Amino acid sequence: MLTERHLQIFIALAEEQHFGDAARVVGITQPPLSQGLRRLEALVGAKLFERGAGQVELTPAGAALLPYARRALTSIEELHQAAVARDPEGPEIRLGLAPEVPPSAGAAVAAACGAVIPGSRVTVVTAPTSSLVNQVGTGRLTLAAVLHPAVLDGLEAGPVSLLPTWALVPASTVHDEVVALRQLKGLPVAVRPRAEAPAARDLFLDTLALHRPDGGTVVVTDERAGLAMAAAGQAIVVTADPALIAPGVARHRLADDPLPLRLRLVWSRTRTPFLRPNDVMAQLTEALAA
């Protein structure tokens, strides 16, 4: 089946005449771009490009089909825009939030969506970063606040927002208001499963090992479970949620903020025309960071 992505690959290759440059334009890596081109050529039953040393040139068949591809992609984008414009209830914004996003930050983004996109209806779901990226890519979500870094595979992304974090430790473990990671000895740091956000988890663990080579980690299902373990004297929790606290748990600022929560907004290039204005995404990113 011919898809928007096939058209995007075809047009980008025709304009850039280079696999690497076309992949950057489409927002994917070179292997899936090459695979997409092969599928497109199989669908149309013709060779569209002559290849050589990374460079490509349109074949006569490719040159003949290019105007039709441009018109088709334009029509798809106009269809998305018309569907939004004609919705009597206004555009529905399906917002996804990674579990690590503090409730206040998630609420701020949701409120900003309603404020900067008049007439919009906002619904919110929470899911791991890997799931959110997939749901945005397939159109099930309009945009999402996800952990950075993450493999986005063709999605648009806003700037990275760094949220400061605190260490939640069993009371009486340390007494300084600001502590270095190396001071937090003897207990593992609670972390969520790697599969939820592989690249972000790896960065967190690498940084943690650099500043705190001893102590290890323990996998928890969510921050509530981590908080319970901290209250039981069995773990340390690193969180960006300023309201996460419990009896028997002390909150300490981390010196030099070595483990900030890295978040960014992601959305689809073609499925959300009402999110395209730069000022809209700037305001949503500001809400996330604030």
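Scope of this entry: the structure provided in the associated data block. Just so you know, these numbers come straight off a predicted model, no measurement behind them. (Residues numbered from 1 in each chain as written. Predicted model: local features only at pLDDT ≥ 70, side-chain atom pairs only at ≥ 80, totals over all residues. Heavy atoms only, no water.)

## Here we look at the packing of aromatic side chains
So, point 1. With the rule as written, the count across this model stands at 1 aromatic pair.
So, point 2. With a centroid separation of 5.7 Å and 80° between ring planes, the pair formed by Phe10 and Phe49 is classed as edge-to-face. Here the residue Phe10 occupies a position in helix α1 (residues 4-16), and Phe49 occupies one in strand β1 (residues 49-52), the gap between them amounting to 39 residues.
So, point 3. The class of Phe49 is buried, set by a relative accessible area of 0%.
So, point 4. Above the face of the Tyr68 ring, Arg71 is positioned so that its terminal group lies 4.8 Å from the ring centre.
So, point 5. Between the NZ or CZ atom of Arg251 and the centre of the ring of Trp166, over which it lies, the distance is 4.9 Å. (Phe/Tyr/Trp six-rings, centres within 6.5 Å; stacked < 30°, edge-to-face > 60°. Helix = DSSP H or I, 4+ residues; strand = E, 2+ residues; numbered from the N terminus. Buried < 20%, exposed > 50% of the residue type's maximum accessible area, 1.4 Å probe, protein only. Lys NZ or Arg CZ within 6 Å of the ring centre and 35° of its normal.)

## Some points on the packing of α1 against helix α2 (residues 19-26)
So, point 1. Direction vectors running N to C along α1 and α2 enclose 135°, while the axes themselves pass 8 Å from each other. When the axis of α1 is compared with that of α2, the two are oblique. Here α1 runs over α2; the crossing is right-handed. Where α1 approaches α2, its residues Arg5, Gln8, Ile9, Ala12, Leu13 and Glu16 are matched on the opposing element by Phe19, Asp21, Ala22, Val25 and Val26. (Axes fitted to C-alpha atoms, helices over the stretch in contact; angles between N-to-C directions. Parallel < 35°, antiparallel > 145°, perpendicular 65-115°, else oblique. Left-handed = near helix turned anticlockwise from the far one by under 90°. Contact = heavy atoms within 4.5 Å.)

## Considering a nonpolar patch on the surface
So, point 1. A contiguous nonpolar patch, built from Leu2, Leu43, Val44, Leu65 and Tyr68 and spanning about 450 Å² of accessible area, is present on the exposed surface.
So, point 2. Those elements giving two or more residues to the nonpolar patch turn out to be α3 (30-44) and α4 (60-85).
So, point 3. Within the secondary structure layout, Leu65 lies in helix α4.
So, point 4. Classification of Leu65 as partly exposed rests on a relative accessible area of 31%. (Patch = residues over 30% accessible without salt bridge, like charges linked within 9 Å, V, L, I, M, F, W, Y side chains within 5 Å. Areas by Shrake-Rupley, 256 points an atom, 1.4 Å probe, with all protein chains shown as cover. Salt bridge = Lys/Arg side-chain N within 4 Å of Asp/Glu carboxyl O.)

## A look at the pairing of strand β5 (residues 143-147)
Regular strands show a simple pattern: their side chains alternate between the two faces of the sheet.
So, point 1. The element β5 is extensively covered by neighbouring structure, given that 5 of its 5 residues are classed as buried.
So, point 2. Of the strand pairs in this sheet, strand β3 (residues 92-97) and β5 are connected by 3 bridges, and their pairing is parallel. Each bridged residue has a counterpart across the sheet, and for Leu97 the counterpart in β5 is Ala145.
So, point 3. Bridge analysis of β5 against strand β14 (residues 261-267) gives 5 bridges, and the strand direction is antiparallel. Bridge pairing links Leu143 to Trp267 in β14. (Pairing = 2+ DSSP bridges.)

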